[in-house]
Amino acid sequence: MGLSVAHFLLKEGARVTLVDRDPEGDKTSFGNAGGIAVTEVIPASVPGLLLKVPGWLLDPLGPLALRPAYAPRLIPWFWRFSQAGRPAEVARIATALASINRRVYEDLLPLLAENGLSAELHQQGALTVYESEAAYAKDASQWQLKRAHGVEVVPLSGAEVRDMEPALAATISRGVFTPQWSHINDPKVLVDKLRQALQARGLNIVTGQVHDVLPTVGATAVSVQLEGARSLSADQAVIACGAWSAILAARVGDKVLLESERGYNTTLAQPGVKLTREVIFAERHFVATPLSCGLRIGGAAEFGGLEAKANFKRSEALARLAARYLPKLHTEGGRFWAGHRPATPDSLPVIGPSARNPNVIYAFGHGHLGLTQGATTGRLVNDLVHGKPLPIDIAPFAITRFN
Ligand SMILES: Cc1cc2nc3c(=O)[nH]c(=O)nc-3n(C[C@H](O)[C@H](O)[C@H](O)COP(=O)(O)OP(=O)(O)OC[C@H]3O[C@@H](n4cnc5c(N)ncnc54)[C@H](O)[C@@H]3O)c2cc1C
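Residues numbered from 1 in each chain as written. Predicted model: local features only at pLDDT ≥ 70, side-chain atom pairs only at ≥ 80, totals over all residues. Heavy atoms only, no water.

> Hey, could you go over the overall build of the protein chain for me, with residue numbers and the actual values?
Within the protein chain one finds 13 helices and 20 strands. The C-alpha atoms of the protein chain give 21 Å as radius of gyration, which agrees with the globular expectation for 403 residues (22 Å, within 12%). Overall, the C-alpha framework of the protein chain stretches about 70 × 45 × 40 Å when taken along its three principal axes. Put simply, the protein chain has 403 residues, and 53% of those count as buried. A fraction of 76% describes how many contacts in the protein chain between residues 6 or more apart in sequence connect residues 24 or more apart. For the protein chain, the exposed area adds up to about 17500 Å²; of that, 55% sits on carbon and sulfur atoms. Between the centroid of the 41 positive side chains of the protein chain and the centroid of its 36 negative side chains there is a distance of 3 Å. (Helix = DSSP H or I, 4+ residues; strand = E, 2+ residues; numbered from the N terminus. Rg over C-alpha atoms; globule rule 2.2 N^0.38 Å. Buried < 20%, exposed > 50% of the residue type's maximum accessible area, 1.4 Å probe, protein only. Contact = heavy atoms within 4.5 Å. Areas by Shrake-Rupley, 256 points an atom, 1.4 Å probe, with all protein chains shown as cover. Lys, Arg positive; Asp, Glu negative; His and termini not counted. Charge placed at Lys NZ, Arg CZ, Asp CG, Glu CD.)

Structure, rendered in structure tokens:
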């Protein structure tokens, strides 16, 4: 998110300093599934979802997990999550998500081209696959809602699915092709190359832990306080710290409900099977993406805070699960990874100025869609910084919704 914001600010002619405690480190943007998931406009909380939660929690390696010691701290977040699943809320949130996703390529394609990264993107669409007719029928209203927001939806039979992806098992009975989806070569490569390209264009990178952003009076408006009694002065500061952003927002004086929704994956360098596009396994809530570094099998949503130790049995379990759907998959030798999705209870990001300090702008909370929405968020932040008219209404993304 920080790099996307920097791209648009540099383009506008601003002097930009990016502060990160670990600029080359392995954070969420490095290990995600690589999907440009513009078709995903439905919030995580939908009617009926809460009824499935007890069953998921009983399965120790299922799609959802809560760390018991952390559970009491999650009550406000889950209360708000349950409210986001009311039908009127789902409709409102889907409209807001679609307003960003609809313009993703308009912002992303130039960002890639201007940094020499166009070859990193594969516009092959995605396949969502189902084993059971019942699960497919249950999702009909969600596909209908997506269609209503301009998502192209092509229903397929099991045989048509296997024509597109012959590696998939005969147990797949239904599929949906979404041509607008795309995927990238490798999230880590993309972030590394973007950072290097932006440095060549004048981005100043400072390594350091930020612990506060204070208003100042004088020539500049904010002072960014770093560890070791260091500080940086600026006209504006953008807080784009992913799942860690609530800590700094609280310092600025803004309340937000943001949790780590930890996801896991396994990347198989020699998977023994070939996919052309990302495949989403609807019933079991995981995905497989053909990246340049191998086949990445990922999913899971674990709520345990930012400090809990990762449980890589989840990564292993995902690879084993994938072998059910990809019978020739070689699951040995996978590289495990876990990352903190910055999750808000309403599945909407926080984009816009602080309620306390108009010179602080937020760009975080993109949950499952941070790679997808990065470029558009960067463009919106640049428009805010420069007082330009915004291409979409950002009211649904205001931090004040948590007051
Ligand atoms: C398993 C998994 C699969 C995913 N798949 C997809 C996908 O296919 N498509 C998609 O669109 N999204 C996907 N996502 C979501 C996406 O990866 C995230 O939304 C996105 O990476 C968030 O980016 P970010 O820049 O906000 O946070 P991060 O990438 O986590 O970056 C935050 C940065 O802030 C720095 N930082 C934090 N606090 C401080 C501080 N106090 N001082 C200095 N620096 C600080 C950190 O060092 C870090 O570099 C996936 C996520 C996971 C976990």
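Next comes the rest of the description.
> I'd like a description of the site of the ligand, backed by residues and values.
Asp20, Ser29, Gly35, His368 and Thr372 are the nearest of the 28 residues found near the ligand. One nitrogen or oxygen atom from the main chain of Arg21 is found 3.2 Å from a nitrogen atom belonging to the ligand. A distance of 2.8 Å separates a nitrogen atom of the ligand from a polar atom in the backbone of His368. Taken together, the elements giving at least two residues each to the shell around the ligand come down to helix 2 (28-31), strand 14 (259-268), strand 18 (335-343) and helix 13 (370-385). It is strand 18 that contributes the most residues to the shell around the ligand, four residues altogether. Within the shell around the ligand, the residues separate by chemical class into 10 nonpolar, 14 polar and four charged. (Near = heavy atom within 4 Å. Polar contact = N/O pair within 3.5 Å; in protein donor to acceptor, adjacent residues only side chain to side chain. Nonpolar A, V, L, I, M, F, W, Y, C, P; charged D, E, K, R; others polar.)

> How would you sum up the sheet that holds strand 2 (residues 35-36)? Please name residues and give values.
The three strands are arranged 2-8-4 in an open sheet whose pairing can be described as antiparallel. Of all strands in the sheet, those bounded by a partner on one side alone are strand 2 and strand 4 (121-122). The sheet contact formed by strand 2 and strand 8 (residues 182-184) spans two bridges and is antiparallel. Each residue of the ladder has a partner; that of Gly35, found in strand 8, is His183. (Pairing = 2+ DSSP bridges.)

> Provide a residue-level description of unusual backbone geometry, including the pertinent values.
Positioned with a positive phi, His285 is a non-glycine residue whose angle comes to about 55°. You can see His285 is positioned in the loop between strand 15 (278-281) and strand 16 (286-291). Overall, the relative accessible area of 40% leaves His285 in the partly exposed class. Its identity is not glycine, yet Ala300 carries a phi of approximately 75°, on the positive side.

> So what's going on with the nonpolar core? Residues and values would help.
Counting residues in hydrophobic clusters, the biggest one holds 80 residues, and the most contacted among them are Ile36, Leu203, Val213, Val256, Tyr362, Phe397 and Ile399. Element by element, the count of residues in this core is highest for helix 1 (residues 2-11), at six residues. Judged by nonpolar contacts, the second largest core, of 25 residues, contains Leu127, Ile172, Ala322 and Tyr325. (Core = buried A, V, L, I, M, F, W, Y, C linked by side-chain atoms within 4.5 Å.)

> Just give me the short version of helix 4 (residues 75-84), but keep the residues and values in it.
Within helix 4, the full set of buried residues consists of Trp77, Phe81 and Ala84. The buried residues of helix 4 occupy an angular sector of 55° when the element is viewed end-on, so they sit on one face. Every exposed residue of helix 4 that faces more than 90 degrees away from the buried side is listed here: Ile75 and Trp79. Tucked into the core, helix 4 has its buried residues touching helix 3 (49-58), helix 5 (87-101), strand 14, strand 17 (294-303) and strand 18. (Arc of directions from axis to C-beta.)

> Before we move on, can you summarise the pattern of salt bridges with the specific residues and values?
Per the stated rule, a full pass over the model turns up 22 salt bridges. The partner of Lys146 in a salt bridge is Glu40, with the nearest N and O atoms 3.1 Å apart. Remark: Glu40 occurs in the loop between strand 2 and helix 3 and Lys146 occurs in helix 8 (residues 140-148); sequence separation between them is 106 residues. The partly exposed category is assigned to Glu40, whose relative accessible area is 27%. Of the charged contacts in the structure, one is a salt bridge between Asp346 and Arg401, with a shortest N-O distance of 2.6 Å. Here Asp346, found in the loop between strand 18 and strand 19 (350-353), pairs with Arg401, found in the segment after helix 13; they are 55 residues apart in sequence, far enough to count as distant. Across the pair, Arg401 and Asp346 agree in class, each one buried. A network of salt bridges, in which partner residues are shared, links Arg103, Glu106, Asp107, Arg379 and Asp383. (Salt bridge = Lys/Arg side-chain N within 4 Å of Asp/Glu carboxyl O.)

> I'd like a rundown of the environment of Phe281, residues and numbers included.
Of note, Phe281 is situated in strand 15. It is 6.0 Å that separates the C-alpha atoms of Phe281 and Thr128, two residues lying 153 residues apart in sequence. Those residues in contact with Phe281, other than ones at most four positions away along the chain, are Val129, Leu168, Phe286, Val287, Ala288 and Tyr325.

> Lay out the packing of aromatic side chains in plain terms, naming residues and giving numbers.
Counted under the stated rule, the structure contains 12 aromatic pairs. Between Trp77 and Phe81, the aromatic rings sit 5.3 Å apart at their centres with planes inclined by 15°, giving stacked as the arrangement. In this pair, Trp77 and Phe81 both sit in helix 4, four residues apart, roughly one turn of the helix. Looking at Phe81, the relative accessible area reads 7%, which means it is buried. Look at Tyr130 and Tyr136: their rings are 5.3 Å apart centre to centre, the planes differ by 75°, and that puts the pair in the edge-to-face class. In terms of burial, Tyr130 and Tyr136 fall into one category: buried. Every member of this aromatic cluster is reached through a ring pair, and the members are Trp77, Phe78, Phe81 and Phe303. (Phe/Tyr/Trp six-rings, centres within 6.5 Å; stacked < 30°, edge-to-face > 60°.)

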